[in-house]
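# Structure assessment
Each chain, written out:
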Amino acid sequence: DTAVSQTPKYLVTQMGNDKSIKCEQNLGHDTMYWYKQDSKKFLKIMFSYNNKELIINETVPNRFSPKSPDKAHLNLHINSLELGDSAVYFCASSQFLSGNYGYTFGSGTRLTVV
Amino acid sequence: LAKTTQPISMDSYEGQEVNITCSHNNIATNDYITWYQQFPSQGPRFIIQGYKTKVTNEVASLFIPADRKSSTLSLPRVSLSDTAVYYCLVGASGGSYIPTFGRGTSLIVHP
């Protein structure tokens, strides 16, 4: 059983398009996250939801909008895609909003904007 | 927010012990120290977590000095499959906690 699953794994799209990445976790965790990893492997948090409520909203363009229909799902919608959005996006979850309990990551979505 | 500093890259050979040190000078009293491993095309994977002194599991050991301003991940007798990026994460519970991973340490194990 996959603990944190993301779809799609690869996404190639043109500038200006709108796309969504879906994430689901079956661990019963209360908190979910979206991270962006650039080509230099820098892993930067974008958003965090705790029990469907937005907790962390780091400085990202308004074109990025997370949506959490329930605590097991956290989707990421991106409007008007730009070349600089190309990166690997990781979804993660944890039992509590903390660093004490460890994060479980999905396998990532490699987004390429052309 | 405890900022961490790690070497960008390290090289080793099969069978050697590898120690990766992370500096976190402004670690808070409630902060735990957690290490993650990331293989290419995969998400980071939890390796080990500690608060103070030494923690050991089947994968690695974590050494934390008394002042907790640094920590060292020790990988015994590495193999080629240990080639990965290793991240040090420092944090604790609370609504204001922002988990920040940084760039990590790229470990390459040579035959």
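One structure accompanies this document, and this report is about it. Per chain, residue numbering runs from 1 following the sequence as it is written. Chain letters and ligand numbers both follow the written order, the letters beginning at A and the numbers at 1. Thresholds applied to this predicted model are a pLDDT of at least 70 for local features of residues and 80 or more for the giving and counting of side-chain atom pairs; totals over whole chains, interfaces and linings are not thresholded and use all residues. In computing side-chain properties, one takes all heavy atoms of the structure into account and sets aside hydrogens as well as water.

Helix and strand counts for chain A come out as zero helices and 11 strands. In DSSP terms, a helix is any run of H or I states spanning at least four residues, a strand is any run of E spanning at least two, and both are numbered starting from the N terminus. The helix and strand sequence of chain A, counted from the amino end, reads β-β-β-β-β-β-β-β-β-β-β. Taking 2.2 N^0.38 as the reference for a compact globule, 114 residues should give roughly 13 Å; the C-alpha atoms of chain A span a radius of gyration of 13 Å, in line with that estimate. Within chain A, contacts between residues separated by at least 24 positions form 55% of all contacts whose residues are at least 6 apart in sequence. Note that the radius of gyration is over C-alpha atoms, with the globule rule given as 2.2 Å times the number of residues to the power 0.38. A contact between two residues is defined here by any heavy atoms of the two lying within 4.5 Å.

On a regular strand, one side chain projects to one face of the sheet and the next to the other, so that they alternate. All names here are of chain A. Using a 1.4 Å probe on the protein chains alone, a residue whose accessible area is under 20% of its type maximum counts as buried, one over 50% counts as exposed, and one in between counts as partly exposed. Burial along strand 8 (residues 73-78) is one-sided: Leu 74, Leu 76 and Ile 78 are buried, and none of His 73, Asn 75 and His 77, which face the opposite way, are. Two elements, strand 7 (residues 64-70) and strand 8, share five bridges in a ladder whose sense is antiparallel. Bridging from a neighbouring strand, Pro 66 pairs with Leu 76 of strand 8. What makes two strands pair is DSSP finding at least two bridges between them.

To continue, consider the side chain of Thr72(B). Residue and element names in this part refer to chain B. Positionally, Thr 72 belongs in strand 7 (residues 70-75). Assessed through its relative accessible area of 18%, Thr 72 is described here as buried. Pairs of N or O atoms are called polar contacts if they sit within 3.5 Å, as long as, within protein, a hydrogen donor faces a hydrogen acceptor (for residues adjacent in sequence, only side-chain-to-side-chain pairs). Here Thr 21 takes part through its side chain, which lies 3.1 Å from a polar atom of the side chain of Thr 72. Beyond its immediate stretch of four places on either side in the chain, Thr 72 contacts Asn 19, Ile 20, Thr 21, Ser 61, Leu 62 and Phe 63.

Further remarks concern the pairing of strand 11 (residues 109-113) of chain A. Residue and element names in this part refer to chain A. Taking every second residue as pointing to the same face, the buried face of strand 11 carries Thr 109, Leu 111 and Val 113, while none of Arg 110 and Thr 112 on the other face is buried. When strand 2 (residues 10-13) meets strand 11, the two strands line up parallel, connected through four bridges. Residue pairing across strands places Tyr 10 opposite Arg 110, the latter belonging to strand 11. Note: strand 9 (residues 87-94) against strand 11, three bridges, orientation antiparallel. Residue pairing for strand 11: Tyr 89 is matched across the bridge by Thr 109.

Attention now moves to the sheet that holds strand 2 (residues 18-23) of chain B. All names here are of chain B. The four strands lie next to each other as 2-7-6-5, forming an open sheet whose pairing is antiparallel. Each end of this open sheet is capped by a strand with a single partner; those strands are strand 2 and strand 5 (53-56). Strand-to-strand, the axes of this sheet are offset by a mean angle of 15 degrees, without reference to chain direction. In terms of strand pairing, strand 6 (residues 61-64) meets strand 7 through three bridges, oriented antiparallel. If you follow Ser 61 over to strand 7, its bridge partner there is Ser 74. Axis definition: a line fit to C-alpha positions, over the contact stretch in the case of helices; interaxial angles, taken between N-to-C directions, run 0 to 180 degrees.

Moving on, we get to the environment of Val85(B). Relative to the helices and strands, Val85(B) resides in strand 8 (residues 84-91). Sequence separation between Val85(B) and Phe39(B) is 46 residues, and the spatial gap between their C-alpha atoms is 6.6 Å.

All names here are of chain A. The four strands lie next to each other as 1-3-8-7, forming an open sheet whose pairing is antiparallel. Looking at the sheet topology across the chains shown, the edges are occupied by strand 1 (4-7) and strand 7. Across the sheet, the axes of successive neighbouring strands diverge by a mean angle of 20 degrees, strand direction being ignored. Bridge count between strand 3 (residues 19-25) and strand 8: four bridges; the pairing is antiparallel. If you follow Ile 21 over to strand 8, its bridge partner there is Leu 76.

With that settled, the discussion passes to the packing of aromatic side chains. Each Phe, Tyr or Trp ring, with Trp reduced to its six-membered ring, pairs with another whose centre is within 6.5 Å; inter-plane angles below 30 degrees give stacked pairs, above 60 give edge-to-face pairs, and intermediate values give tilted ones. On inspection of all chains with the given rule, the structure shows nine aromatic pairs over all chains. Their ring planes at 50 degrees and their centres at 5.5 Å tell us that Tyr35(A) and Phe105(A) sit as a pair that is tilted. Highlighted residues: Tyr35(A) in strand 4 (residues 31-37) and Phe105(A) in strand 10 (residues 104-105), separated in sequence by 70 residues. Judged on exposure class, the residue Tyr35(A) and its partner Phe105(A) are both buried. Ring pairs connect the aromatic residues Tyr33(A), Tyr35(A), Phe90(A), Tyr103(A), Phe105(A), Tyr36(B) and Phe46(B), which therefore count as one cluster.

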